[in-house]
Amino acid sequence: MPEVTQMKDTQTAAPAPEAAQSAPAAPEAPQVSAPPTPPPVRRKPAGKGRKKMIKRVIALVVILAILSGAGFGMWYLVFREEDSLGEAMVDKAQIGTIQSVVQGSGTAVPKESAAISLTQSGVVQEVYVTGGQTVMAGDPLYSIFSQAAEDALKSARDGVTDAQRAVTSAQDDLTKLQRDLAELIESRNDLTVKAPHDGKILEYENYTVGKDASPGKVCTLVNDQTLKLSLYFSYAYEDSIYVGQNVKVAVPAVMQVCDGWVEKINKVEFISTEGGTFFEVVIHLKNPGALTEGMTVTATMADGAGNEIYPYSDGKLEYSEKWDVELKVTGPVLSVNLNKYAQVKAGQVLLSVGEKDLSERIQDKQEEIRLKQEDIVARQQAVEEAVTKVEEAQKALEDFNAVAPISGQVFSCTISPGQEVKSGDTVITISNTVTMVVDIQVDSQNIGFIQAGMTMELMDEQGNPVMGTVTNVAMSGEVGTGTTTYPVQLEVDNSMGTIYNGSWMRYKLVTAESVDCVYVPNQCVKRVNDVNGEKLSVVFIQADSKPENALELDPETLGTSMPAPSEGFWPVPVTTGLSDIYNCEIIEGLEPETVVFSGRSTSEEPGMGGGMIIG
């Protein structure tokens, strides 16, 4: 082993007093006159050169010290003999309990807190609470008069009224637009003009195919199958004429008498030139085919005794029904089927026109409706916003006559009667400290053990234990350096009032437990390779001879700190279970009270330190 040479300053030391006294006395020398004393030599004071020399000496000493330390380290790591590792230290396998726990810390805050802030300026009238006072939800806190808050509420309510009126007006406009659109769509049916009833065409307009036709009367259609006439009879026959009574109608022009009936009696007062008073009787008769409107006719009927009843004068035949058939749209004429006196059937096409600008008008109307619907949505949104403003203004006004929103303790009260306050001031804060909330962070390895509803042990700053209940486990975590943590929230009962806002709380949760198990200190379990290269967990047990289950290990993986059979230790395979920061459970491979290797004890030279080397 090479020696480490220490450099020392070589100086000539003066002899010790004791040595001088013990030396034999020398014979006295003959007296010789001393030579004359030379004049003193004047020396220059030490300057820069001497300082440089001192610095060089110091640097040399430092370099030599570093080289000495490096040489010793090389010797310790490379050339030191094996027996310098120290004696093997042992421990015993024991029986006990090992727990796997999740632990950490968090800060406690009240579960509920309420801060009352003002939205308008005002003057404090009364204050009903003080800081530290316990209040119940609904208890009055203070009253403040604010004209600005009163005005804001009125303005907000007026805004709701105006917004609602705007919605109603827009909805009325939409209804009209939808009605117009329906008429336009229906007008497509009006492109074809059809006979509404069976009848005869009397009058019609002249149309030319290909030219535009305008809205208006197309023709007059009459029902010439039934005719009617009006005759006046004396009130003397008022009780002798009734609806449905048979009538004989004489038509001199064709010298024909037809059967008719009384359809209607109108009790009017027609006064003749002779001074008689008469009432109207409307008579209907079927047209045998030779009758037409305008013919002069007369009629008679019989009273109950069979006596003939005559009218005051003759009357003229009229068609019983007339219809003016109209065109309602503008468009180019496609076909015409109009002939005077022609008999037509109900539904027969008389005139057809094509579309001109109808499709565009329909599209324009549909676009108007769409825009109006969007306008209504916007106006309804304005109503909702106005209602929200009313609620906010109402809430603001309530804040000036506030009651406690929650039960709890008044943490702060910053107002007093007569004080002027302004918008934005937070005047009272209340916190419910009966239940506290603790937010903790659990890493990804242990979050699977945490479930909502489970209880967890906590401890406050004074060491008082409390129990918390998990109320929320976040599904997404926060990625950090090398791990992911998940927020977990606990609720803690604080009815005793021992936990304060901001208190630091430690938590602990037993995730697994092994009772009455065999365990050894963690450093006793080694991970090594056997001669086949298989990675194994082993414990070196102390024995006089090789156990049956002892392994042959790869010497290259053992290291110099592992014990050898020559020291009485043998590696045996073990199956491990739970572990904590100190001990490891041995499920299989080790009996209780077995002496096992735990490390080596070393004693170094003074100044080098000493301790235990754990293999």
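Keep in mind that this is a model prediction, so the values were computed, not measured.

A. Broad picture of the sheet that holds strand 5 (residues 142-145). Pairing is antiparallel across the open sheet formed by three strands, whose spatial order is 5-3-21. Each having just a single partner strand, strand 5 and strand 21 (420-421) make up the two edges of the open sheet. With four bridges joining them, strand 3 (residues 122-127) and strand 5 adopt antiparallel strand pairing. The partner of Glu 126 across the bridge, within strand 5, is Ser 143.

B. Region of interest: the nonpolar core. Judged by nonpolar contacts, the single largest core of 27 residues is most densely connected at Leu 118, Leu 141, Tyr 142, Ile 144, Ile 428 and Ile 430. Listed by contribution, the elements that provide at least two residues to this core are strand 2 (94-117), strand 5, helix 3 (147-187), helix 4 (358-399) and strand 22 (426-443). Among residues more than four places away in sequence, those in contact with Leu 141 are Ile 116, Val 127, Tyr 128, Val 129, Ala 402, Val 403, Ala 404, Ile 428 and Ile 430. If you look at the next biggest cluster of nonpolar residues, it comprises 24 residues, including Leu 202, Leu 231, Cys 258 and Leu 285.

C. Layout of the environment of Met 475. Position of Met 475 relative to the elements: it lies in the loop between strand 24 (465-473) and strand 25 (478-479). The exposure class of Met 475 is exposed, given its relative accessible area of 78%. Once the C-alpha coordinates of Met 475 and Ile 447 are considered, the two residues, 28 residues apart in sequence, prove to be 9.8 Å apart.

D. Summary view of the side chain of Ser 514. With respect to the secondary-structure elements, Ser 514 resides in strand 27 (residues 504-521). Residue classification places Ser 514 among the buried residues on the basis of a relative accessible area of 11%. At 2.8 Å, the side chain of Ser 514 and the side chain of Glu 585 are in polar contact. Those residues within four positions of Ser 514 in sequence are excluded, and the remaining contacts are Gly 96, Thr 97, Ile 98, Leu 578 and Glu 585.

E. Seen up close, the side chain of Ser 272. Take Ser 272: it is sitting in the loop between strand 11 (256-271) and strand 12 (277-286). Among the residues examined, Ser 272 registers a relative accessible area of 7% and is labelled buried. Within the structure, Ser 272 has its side chain in polar contact with the side chain of Glu 274 (distance 3.1 Å).

F. Local environment of the environment of Val 438. Residue position: Val 438 is located in strand 22. Its relative accessible area of 0% is what places Val 438 among the buried residues. Ignoring any residue separated from it by four or fewer positions in sequence, one finds Val 438 in contact with Gly 106, Thr 107, Ala 108, Leu 458, Val 488, Gln 489, Leu 490, Val 492 and Met 505.

G. Expanded view of the sheet that holds strand 8 (residues 212-213). If you walk across this open sheet you meet the four strands as 6-19-17-8, and the pairing is antiparallel. Where the open sheet ends on each side, the last strands, each with one partner, are strand 6 (192-194) and strand 8. Here three bridges tie strand 17 (residues 331-336) to strand 19 (residues 349-353), and the two strands are oriented antiparallel to one another. Each bridged residue has a counterpart across the sheet, and for Val 336 the counterpart in strand 19 is Leu 351.

Reading guide: rules and limits
- Residues numbered from 1 in each chain as written.
- Predicted model: local features only at pLDDT ≥ 70, side-chain atom pairs only at ≥ 80, totals over all residues.
- Heavy atoms only, no water.
- Pairing = 2+ DSSP bridges.
- Helix = DSSP H or I, 4+ residues; strand = E, 2+ residues; numbered from the N terminus.
- Core = buried A, V, L, I, M, F, W, Y, C linked by side-chain atoms within 4.5 Å.
- Buried < 20%, exposed > 50% of the residue type's maximum accessible area, 1.4 Å probe, protein only.
- Contact = heavy atoms within 4.5 Å.
- Polar contact = N/O pair within 3.5 Å; in protein donor to acceptor, adjacent residues only side chain to side chain.

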